[in-house]
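Each chain, written out:
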Amino acid sequence: MLSPEAREREARRELWQKRLERAKRSLESYVAATRYPPESRPSREHPDQLELAEPERTRPLSPKAAQDGTSDVQLRLKQDKVFVVGEEAVLLSVACEDSRRTPRPCEVVSALAHEADHLVGAGGVPSVPVAFTDAGQGGDAVAGDGTLTGRFQPSEQGFAMFSGTLRVDVRVRSGSLEDSAFFDVLYTPAPPATFTRRVREVVEAGSLDLYLSVQVRKAGRYVVSGRLDDEGGVPFASVSFNEELQEGAQEVKLNVFGKLIRDEAPTFPLTLRDVEGFLLKEMGDPDRELMVTLRGPVHTTREYSLQQFSDAEWRSPERDRYTDELEKDVMEAQKQLDAALEDTPPP
């Protein structure tokens, strides 16, 4: 049976052994997570961002009927975009189905577009109706398939001078059941900057840099993001830009980090696609002014060998500082553990 002193020594050794293991895990995790810069990351880290946002959701048409088991009718809601700029339109679809996804009778009783209620001073712009049809026209894909589609174009439907979140409230009926739902759209009447679709590619500092030409109407901090696929169309990387731009002709640099290319070994050429951007606003709601999204392929790179790129990890003052602190934690835990082990009496 251990003496109180021996139990105390054993507890101290266990404590510092656990702290050492935790410190080492923290260091290893941080180093692994930051070997690439924030603006150049593997696609697998952001599986929800591989494609442009096309929200689709289902919910019981009547939550009360679903709860008491008298109906399994679901409401399926989908929109082909969330961000709408200038003359763009958004397609909104509504369908009713049962739990086996079999179509059920569906009717949009009413649909009104208006300013989102949470906006300060909401209600200044009158609500306008949005027509939903299943006639294979106006954006509806297939006539008579049970999916009703509404086309909403803010610039032509009373919101040409509005900037912010618009909500389309719909009231849907299926048989004896009826309930409300909504779609939200973030609208910018005039883009603060425009992509010209010109791209300049350069291998520099061991990485591949893609320079997107932009015509800036409003100076400020811009956030731009794009997706890169390999030759076979397999998602490879997410690239982004977050810096100040001045008015006039500018370039946005999307960095494809060298070590990321070396580690992932994509098959060239790469394709840049689905590029989004916005001007970040310091105050107000909404917090951004949108650029028109470049949908689909934007640029295809030249072919390169992996050896043309650096295998060095990303470095920054912040990363070095955090790494140094985490290494100090490891060294301190090791020092305390060694001291605890030396305190062990001879057998």
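A short tour of the structure in this document, coming up. (Residues numbered from 1 in each chain as written. Predicted model: local features only at pLDDT ≥ 70, side-chain atom pairs only at ≥ 80, totals over all residues. Heavy atoms only, no water.)

## Observations regarding the environment of alanine 95
Then, in step 1: Position of alanine 95 among the secondary structure elements: in strand E5 (residues 90-97).
Then, in step 2: Along the chain, alanine 95 and glycine 175 lie 80 residues apart, while their C-alpha atoms are 13 Å from each other.
Then, in step 3: Excluding residues within four positions of it along the chain, alanine 95 makes contact with Gln74, Leu75, Arg76, Cys106, Gly146 and Thr147. (Helix = DSSP H or I, 4+ residues; strand = E, 2+ residues; numbered from the N terminus. Contact = heavy atoms within 4.5 Å.)

## Notes on the nonpolar core
Then, in step 1: Leu228 and Leu272 are the most contacted members of the largest nonpolar core, which totals 33 residues.
Then, in step 2: Among the elements of the structure, strand E12 (193-204), strand E13 (207-216), strand E14 (220-229), strand E15 (235-245), strand E16 (248-256), helix H3 (258-264), strand E17 (271-280) and strand E19 (294-300) are those that each provide at least two residues to this core.
Then, in step 3: Not counting residues within four places of it along the chain, the set of residues in contact with leucine 272 comprises Leu210, Leu212, Gly226, Arg227, Leu228, Val239, Leu254, Gly296, Pro297, Val298 and His299. (Core = buried A, V, L, I, M, F, W, Y, C linked by side-chain atoms within 4.5 Å. Buried < 20%, exposed > 50% of the residue type's maximum accessible area, 1.4 Å probe, protein only.)

## Topic: the sheet that holds strand E9 (residues 147-152)
Then, in step 1: On the basis of which strands lie adjacent, the open sheet formed by 5 strands has the order E2-E3-E5-E9-E8 and antiparallel pairing. The sheet is open, and its two borders are formed by strand E2 (56-60) and strand E8 (132-133), each paired with just one other strand. (Pairing = 2+ DSSP bridges.)

## Remarks on the sheet that holds strand E6 (residues 107-115)
Then, in step 1: Overall, mixed pairing links the 5 strands, which are arranged E4-E11-E10-E6-E7 in an open sheet. Edge positions in the sheet fall to strand E4 (83-85) and strand E7 (128-129), since each has one partner strand and no second.

## Some words on the layout of surface pockets
Then, in step 1: In this structure, the largest pocket encloses a volume near 510 Å³.
Then, in step 2: Along its surface, the largest pocket is lined by 29 residues, and Gln49, Val223, Ser225, Arg227 and Glu276 are the ones closest to its centre.
Then, in step 3: Broken down by secondary-structure element, the contributors of at least two residues to the lining of the largest pocket are E4, E14, E15, E17 and strand E18 (288-290).
Then, in step 4: Its residues placed into classes, the lining of the largest pocket shows 12 nonpolar, 9 polar and 8 charged.
Then, in step 5: As a volume, the second largest pocket reaches approximately 220 Å³.
Then, in step 6: Elements represented by at least two residues in the lining of the second largest pocket include exactly E13, E15 and E16.
Then, in step 7: With 4 residues, the top contributor of residues to the lining of the second largest pocket is E15. (1 Å grid on protein atoms, 1.4 Å probe; cavity = no way out; pocket = protein on both sides within 12 Å on 5 of 7 lines; lining within 4 Å. Points joined across faces, edges and corners; volume = space filled by probe spheres on them. Nonpolar A, V, L, I, M, F, W, Y, C, P; charged D, E, K, R; others polar.)

## With respect to a negative patch on the surface
Then, in step 1: Together, Glu5, Glu8, Asp338, Glu342 and Asp343 make up a region of like negative charge exposed at the surface.
Then, in step 2: Only helix H1 (4-33) and helix H4 (317-342) provide two or more residues apiece to the negative patch.
Then, in step 3: Take aspartate 343: it is sitting in the segment after H4. (Patch = residues over 30% accessible without salt bridge, like charges linked within 9 Å, V, L, I, M, F, W, Y side chains within 5 Å. Areas by Shrake-Rupley, 256 points an atom, 1.4 Å probe, with all protein chains shown as cover. Salt bridge = Lys/Arg side-chain N within 4 Å of Asp/Glu carboxyl O. Lys, Arg positive; Asp, Glu negative; His and termini not counted. Charge placed at Lys NZ, Arg CZ, Asp CG, Glu CD.)

## Looking at the pattern of salt bridges
Then, in step 1: Counted according to the given criterion, the structure contains 29 salt bridges.
Then, in step 2: In this structure, glutamate 264 and arginine 44 form a salt bridge, with 2.8 Å as the shortest nitrogen-oxygen distance. Of the two residues, glutamate 264 is situated in helix H3 and arginine 44 in the loop between strand E1 (40-42) and E2; the sequence distance between them amounts to 220 residues.
Then, in step 3: The class of glutamate 264 is partly exposed, set by a relative accessible area of 28%.
Then, in step 4: When its relative accessible area of 54% is taken as the criterion, arginine 44 is described as exposed.
Then, in step 5: A salt bridge links lysine 81 to aspartate 80, with the shortest nitrogen-to-oxygen separation between them at 3.7 Å.
Then, in step 6: According to the relative accessible area criterion, aspartate 80 is partly exposed, its value standing at 23%.
Then, in step 7: Via salt bridges that share partners, Arg35, Lys259, Asp263 and Asp311 belong to a single interconnected network.

## Details of the packing of aromatic side chains
Then, in step 1: Going through the model one piece at a time under the given rule, you end up with 6 aromatic pairs.
Then, in step 2: With centroids separated by 6.0 Å and ring planes inclined at 85°, the aromatic side chains of phenylalanine 152 and phenylalanine 159 adopt a geometry described as edge-to-face.
Then, in step 3: Taking relative accessible area as the criterion, phenylalanine 152 reaches 0% and is therefore assigned buried.
Then, in step 4: Residue class for phenylalanine 159 comes out buried when judged on its relative accessible area of 1%.
Then, in step 5: Ring plane angle 70° and centroid distance 6.2 Å describe the contact between phenylalanine 159 and phenylalanine 162, whose orientation is recorded as edge-to-face.
Then, in step 6: The rings of Phe152, Phe159 and Phe162 are connected pair by pair, giving a single aromatic cluster.
Then, in step 7: Positioned above the aromatic ring of phenylalanine 182, the side-chain terminus of arginine 167 is 3.8 Å from the ring centre.
Then, in step 8: Sitting over the ring of tyrosine 211, arginine 200 keeps its end group 4.3 Å from the ring centre. (Phe/Tyr/Trp six-rings, centres within 6.5 Å; stacked < 30°, edge-to-face > 60°. Lys NZ or Arg CZ within 6 Å of the ring centre and 35° of its normal.)

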